[in-house]
Amino acid sequence: MDYDDKVRDANGLVICLRDMGDGTSRLFFDDVIADRHANPINWSYGSFYTFTPDFDNALIEGMALSSEDFERIGVSVVARLLASTKRIR
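Residues numbered from 1 in each chain as written. Predicted model: local features only at pLDDT ≥ 70, side-chain atom pairs only at ≥ 80, totals over all residues. Heavy atoms only, no water.

Undergrad: Where do I start with the nonpolar core in this structure?
TA: For soluble globular proteins, nonpolar side chains are generally found buried alongside one another. In this structure, Leu 13, Leu 27, Phe 29, Phe 51, Phe 55, Ile 60, Leu 65 and Ile 73 together form the largest nonpolar core, which totals eight residues. Look past the residues within four positions of Ile 73 in its chain and what remains in contact with it is Leu 27, Phe 29, Phe 51, Phe 55 and Leu 65. (Core = buried A, V, L, I, M, F, W, Y, C linked by side-chain atoms within 4.5 Å. Buried < 20%, exposed > 50% of the residue type's maximum accessible area, 1.4 Å probe, protein only. Contact = heavy atoms within 4.5 Å.)

So this is what it looks like as structure tokens:
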């Protein structure tokens, strides 16, 4: 696709990075539902999924996580999207 056609699935994923206050941070994954398919403006909370383990702040801020950690994060993102759209096998 050479351009953004502004059409989205009704299900999405919001990810936030939270400083846990002890020198680590954790990624939180929340399933969300769009108010409409074409160019969603508002997303409503669906359910949550917390990615663990906690990551050392210096590593995550320096984008220095291991290849395995980055892979696990990516796999978690795709798995959540597949599950929320009921496309998981």
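Having put the structure on the table, let's press on.
Undergrad: Could you clarify how one ought to interpret the side chain of Ser 84 in this entry?
TA: The residue Ser 84 is located in helix H2 (residues 67-84) in this model. With sequence-adjacent residues up to four places away left out, Ser 84 is seen in contact with Asn 11 and Asp 31. (Helix = DSSP H or I, 4+ residues; strand = E, 2+ residues; numbered from the N terminus.)

Undergrad: So what exactly am I meant to see when it comes to H2 here?
TA: One full turn of an α-helix is made of 3.6 residues, so residues set three or four places apart face in the same direction. With 18 residues, H2 should reach 26 Å at 1.5 Å per residue; the first-to-last C-alpha distance of 26 Å fits that figure. Turning to H2, its buried residues are Asp 69, Ile 73, Ser 76 and Ser 84. For H2, the arc enclosing every buried residue in end-on projection is 60°, short of the 170-degree limit, so these residues lie on one face. H2 presents Ser 67, Glu 68 and Glu 71 as exposed residues on the side facing more than 90 degrees away from its buried surface. On its buried side, H2 packs onto strand S1 (11-19), strand S2 (24-34), strand S3 (43-50) and strand S4 (55-56). Two residues or fewer past H2, Lys 86 is found with a positive phi of approximately 60°. (Expected span 1.5 Å × (residues − 1). Arc of directions from axis to C-beta.)

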